[in-house]
Structures are given as structure tokens and as C-alpha cells.
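For reference, the chains in residue letters:
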Amino acid sequence: MWRWLHPYAKPEATYHLLQKLLPWFVALTLVTLVTGVIWGLAFAPGDYQQGDSYRIIFLHVPSAIFSMGAYMGMAIMGAIALIWQIKTAEWSIPAIAPVGAALTVVALLTGAIWGKPMWGTWWVWDARLTSELILLFLYVGVMALYFAFDDARTGAKAAAILSLVGVINLPIIHFSVEWWNTLHQGATITKFERPSIATSMLIPLLICLAGFAFLTVSLVMMRLKNEILRHELHRPWAQQRLEQD
Amino acid sequence: MSQLSSRQIWVTLLKRDLRIAARRRSDALNPLLFLLMVVTLFPLGIGPGPDILARIAPGIIWVAALLASLLGLERLFRDDFQDGTLEQLCLLPQPLAFTVTAKMAVHWLLSGLPLVILSPVLALLLSLPLQGWWALALTLLLGTPALSALGAIGAALTLQVQRGSSLVSLILIPLFIPLLIFATAAVENASMGLAVHGQLAILAAISVLTVTLAPLAVAAGIRMSVN
Amino acid sequence: MTQVASTNSPLLHAEQLSSIRGGRVLFENLNFSVSAGQLWQVSGPNGAGKSSLLRILTGLLAPSNGLVSFYGKPLSHNWSEYCEQLLFIGHKAAVKGELSARENFHWQQQLSSTEDIDAWELLEKLGLLGLEDELTARLSAGQQRRVALTRLWATQASLWILDEPFTALDVQGIALLQQRFVEHIQNGGTIIFTSHQSLTLSDLTPEKLSLEYQGEIL
């Protein structure tokens, strides 16, 4: 029994590493997100065309970028899980997917809120919004597949394969939707493409981007910690850990 | 006694599956009838005006084709999985990613190719102009191999899931989107007498890419499922 | 029969094999070597992991821990050579219900390139004559088993891994299968099979590997 415990030592090490790093990431998230959002919403100058409604970009752009980033991260973890059979990588797929899906939902909601004053309607088949919606479907597929299996390892493997298939398809989907959009919408200029941005707006946007990056990583770390604990419950170290907390 | 070449094995697997399919004709026929019925619903729901029908025909036919291709997918590997044939496929000396292409080819022959043959009827039902006919047939010919390849991924991943057919649709539909976009655009352009080479080339490229890479995912999915 | 150029390594070697299925330890730290020409019987009660062990030996199932090697190399390192040497009849016998006995045998011959074997003679031997055009799904369990076992006569593989081959067979069928076992072993072949009853095999004494029911819940 004890003999084959040693390959399982890894999740424990990962857990302790996460335990150590997490407070730092949470602190960084709080600092950057609070600074960026307050700066962006209260102090950055208004847009001469869009007035104050443009300020939603301080939430929309970072959430859209990291919804894609999280998918990339999930696919990379999937590849690691499939090639090296590392359990922590397998568990990080269910850890990342809901966070990515939540970011996608935030991007869609903020996009709709932005759309209302700009287009006069909550939903327009804009290329970016449509891509975001399809990304949400891809996340839903990965999560549905993961939870369809009784055996978590098989579920993780299936989800890993699907996320790799998805990541290869993502650029094709993105390109086809862009192309479809120009085909059907002709001259309408999408609000999401601005040739340049004033420095006074760029700085808070960059801070917000950093804030969302730290937020994404922190959330994933928290979820991964839980996943590790959940799967290692029968191991002595996990039980000790639970008793301590 | 000599070892078989990979090509002989491939042809043998293809022939065996075609023989089995011939014993269960309704499996291949039902999705086609479904497609025909779905297409019939649109004129009934929208009105028989040829103008509007011709305008939305490419979209209707392709959406119906995508849905029809999902119908038979659950069966693609399931019988082989349940009776142990899939294990034997894994134990052939040839790589699994190669042998599964025979199964994908059978699926295409039974679901993709009939669509191409059926396309004139569909075009006729929806008043698609003459130029649209051949474009529709061409997009189906170029696009359906990718449907079979992607479908095989969905089928392989959900083998262990009981009643996985809704799950298969959920994971596959987003992946079908690029095919739908380029295929319908090609048919629309053709109906208006515009050039369609670009869209057809992209469609062909997507198919080639999908048919080349999908077997790897299918093989990984089957290995995972028989485990 | 083709033999892979062998060193001193045994045909199959299992090292520290452990299997956990569904949170239950089936077996742990199994070590054994199977040499060419041996007959191995894996026995044990239901749920002791006999089928899992066989599937691990075929490479279909990954062990939770440990390694199976074929002539000294891990299975995955010379997978395609291993598959050429291997014939596996599992719990699921890979018989197509939609095909007749003759068709099932025909495709088997095609895939194992043993077309020179006379199908009619074999079908008669196995008592399937007269049923050869019936769809296999309509045959009885024992007859279906016989259809599955036709593979043992149409193969070039030297290593047979058989999961419960004697199940559902009548006395005559068991005798026929035993006779085939003897032939194969005498030709230098190797057989690993499971059985939960102990069989008296004429002329052969199998090496025994007993699995205990562990029932340890993780």
C-alpha cells in the first residue's frame, strides 16, 4: 500500500505550493483590480463620442481576453494531462473551465450593457460578441463532458481531448465569424475596434488587464486546491490538512 | 503466411462495416428522411413564397444537414464498443488512428454521400435557383467529410456515457459553425451568380485539416473509452 | 509461426502490477514471468480482478502502478510487434451479431491473413454446420461462444490471452478447446486464460496464478 504512494506525492507538493502562493495572488488581485476599476470608472476622461458608457471596456475587454486565455490554459493543461498523465493537470481542467465560462459570461453581459446605448439593443450579432457566445458553448461542452462520467479520471481525459480539439478550432471559428460578420453587416463599424486609445485611458485599462489576470489565476488556484483535496481525501496528508483548518 | 498490408486491412474493415450497415438499412436511411422532413417544415412554417425560400434555402439545408449528421453518430462506435470489436481494433498491429479512418469513411459513405445525391431534391423543394444547385452539391461534397470526422470525435468521447446523444450534439455543434458559415456563403454567392472559389477552397481546407487531425483525437478517445 | 528475436528475457514479465478500479484495490504488487510455451491459468473468485489483469496484459487497460514488458521491453515500445503476436478474446467476444457465423469467420480470416484455412471444415468441427448462415445474434450463448472461438483456428499469433474461454461451452466444446490448447502449446505457443472453476486439462498442467478477493476500499 505505502509503496505506491510515492507517485502520489506530487499533488501534495502542488497543494502546498498553491497554499503558499495564493495569498500573494489574492493581494495582487485586490490591489490591481480596485485601482484599475476605480481609476477607469471614476478618474479616466470620458470618450468624446461615447461619453461615459465606454467605461464598460474596463471590464469588458479584460474579461473577453482572459476568457480566451483561460481556454488556452485549459487546453495546455489538457495536453500535459494526456501526454504525461499528470493528475494535477487533469484536475486543473475542471478547475479552469467554470472560471473561464464565468469570464465569458461577464464579457457577454458587459458587451450587452455596452450595446444598449451604442446600438439601442442588448444584442447585436457583432463578430466579437458572437465569438464570445460560441466560446461559451465550447466551455459548456467541456464541462458537460467532464461531468457526464462517473469516473473523474476518464472525464478529465475526455475533457482534455475535447479542449485540445476546441483550441485548434478556435482560430478557425474566430476567423469564420469575423468573415461572416463583414459579409452580412457590410459597412457598420464595430465599436470594439478603435484604431488608437488615449494614454489616459490606456493606463487604467492595462491595470484592469493585470487585475483580471491575477483574478483568473487566483480563482483557478483556489479551485485547483479544492480539487486536489477532494481527490486526495483518502490520503493521510489531506486528512491532516482538513483537521488543521 | 504473410502479413497484411495496411491498405488491405483498411479495405477489409471498410467492407465489413458496409456489410453490417447493409443489414441495418434503417440506421442510414432514418437521418436522411429526417433531413427531408425538416426541410419540408420550413415552407410550411414560413410560407411557400419562392423568393424568401430561395434566400434562406442554403441556411436551412445546411442546418438540417448538420442536425441529421448528429442523429446516427451515437451508433458509430457504440455497437463495436459493446460487443468487443473496438478492443480488437485497438489490438491490430496498425495504428488505431489509421484504422478508425475506415470507420469514418463508412460513416461518410452512409451519411455524407447520400446528402450530396439528395441535394437536387432539397434544392428543388426550396426553389433554389439552378446556379445554387451545383454549389450546394459541391459544398456538401467538400464539407461532409469534416462532419464525419468531427462526429467521430464526439462519438468516441461519449462512448462510456449512457444515453450520450444529447451530449454529442452539445460538444459538436460549436465545432460545426465554420463549415456552416462558408458553405452557406458559397451557395448564396452561387445563387447570385458570384464567384465561389474562395469559399469552396476554404471549405476544402477545413475538411482536409479536420480529416487529417481528427483520427488522432478519435484514437485517443477510443483508447480512453476501452480502458 | 514468427518469433520475435528473443534475448534471455521472458515473453511477458509483470512487475509490481497494481490495479485500482472504482476506488477498490483489485490486486497489488503482482510479479510474474510467462515464458514461451507455457500455459497459465489465472483463477480467483468473482471481482478479484482476473479480467482486469488480462486486459492489463493486453495493454488495453493501463495498470494503476507497475509495468508489463514483452521480451524485456515495455508493451508500448514495441506495440505493433506485440499486437502481431497477440490474440485476445475478452469477456466481450467481438462477434458481430449482424453477421452470420460464416461471415464472422470470413472477416476474421481476412484480418489475420489465414485464408488458407478451410472454413467449412472448421465450422463442421465446431458443430456450427447448418447454422453457418444464421445471424449470430440469433444463436444460443454456447453457439456464439463457438463462433468467437473459431478465431483460435484462424490465427498466426503465438500468445493467446483468453478470458473465460470455457464459459457457456458444453462437454464436447470443452474437449475441443482443450485439444486446441494442447496443439498450440505443443507448437511452442503460449496461453494465458482465466477460469473460476479448476479444470482438469488432459496432458497439460497449467501454471497457476491465484488472485484473492481484496475488497479494500480506498
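Notes on the structure follow. (Residues numbered from 1 in each chain as written. Chains lettered and ligands numbered in written order. Predicted model: local features only at pLDDT ≥ 70, side-chain atom pairs only at ≥ 80, totals over all residues.)

1. Side note on the nonpolar core
By size, the foremost hydrophobic cluster in this structure holds 186 residues, and its most contacted members are A:Ile93, B:Ile61, B:Ala152, B:Ala186 and B:Ile222. For this core, the element with the highest residue contribution is helix α8 (residues 165–191) of chain B, accounting for 16 residues. When near neighbours in sequence (up to four residues on either side) are disregarded, B:Ala152 contacts B:Leu76, B:Val100, B:Lys103, B:Met104, B:His107, B:Ala214 and B:Val218. (Core = buried A, V, L, I, M, F, W, Y, C linked by C-beta atoms within 7 Å. Buried ≥ 20, exposed ≤ 12 C-beta atoms within 10 Å, placed from the backbone. Helix = DSSP H or I, 4+ residues; strand = E, 2+ residues; numbered from the N terminus. Contact = placed C-beta atoms within 7 Å.)

2. Observations concerning the interface of chain A and chain B
Each side of the interface is counted separately: chain A has 23 residues, and chain B has 21 residues. Within the residue set of the side of chain A that touches chain B, elements represented by two or more residues are α4 (127–148) and α5 (152–185) of chain A. Considering each element in turn, the side of chain A that touches chain B owes the most residues, 13 residues, to α5(A). When grouped by side-chain class, the residues that make up the side of chain A that touches chain B number 18 nonpolar, four polar and one charged. (Nonpolar A, V, L, I, M, F, W, Y, C, P; charged D, E, K, R; others polar.)

3. Overview of unusual backbone geometry
A positive phi angle is found at A:Gln85, which is not glycine, with a value near 55 degrees. Assignment of secondary structure puts A:Gln85 in the loop between α2 (57–84) and α3 (87–119). Residue C:Gln16 is not a glycine yet carries a positive backbone phi of 55 degrees. Relative to the assigned elements, C:Gln16 resides in strand β1 (residues 12–21). Since 14 C-beta atoms lie within 10 Å of it, C:Gln16 is described here as partly exposed.

4. Description of the pairing of strand β8 (residues 190–194) of chain C
Looking down a regular strand, the side chains alternate between one sheet face and the other. Residues and elements named next belong to chain C. By the criterion of burial, β8 is predominantly enclosed, with five of the five residues buried. The alternating pattern of β8 places Thr190, Ile192 and Thr194 and Ile191 and Phe193 on opposite faces, both of which are buried. Where strand β3 (residues 39–43) and β8 come together, four bridges link them in parallel fashion. Bridge pairing links Trp40 to Ile192 in β8. When strand β7 (residues 159–162) meets β8, the two strands line up parallel, connected through four bridges. (Pairing = 2+ DSSP bridges.)

5. Some details on the pairing of strand β4 (residues 65–70) of chain C
All names here are of chain C. Relative to β4, β1 runs antiparallel, the two sharing five bridges. Opposite Ala14, over in β4, you have Val68 as the bridge partner. Where β4 lies against strand β5 (residues 73–74), two bridges are found, and the strand directions are antiparallel. Bridging across to β5, Phe70 finds its partner in Lys73. Between the antiparallel neighbours β4 and β5 lie two residues, among them Tyr71 with a positive phi of about 50 degrees.

No statement about biological role is implied by the geometric values presented.
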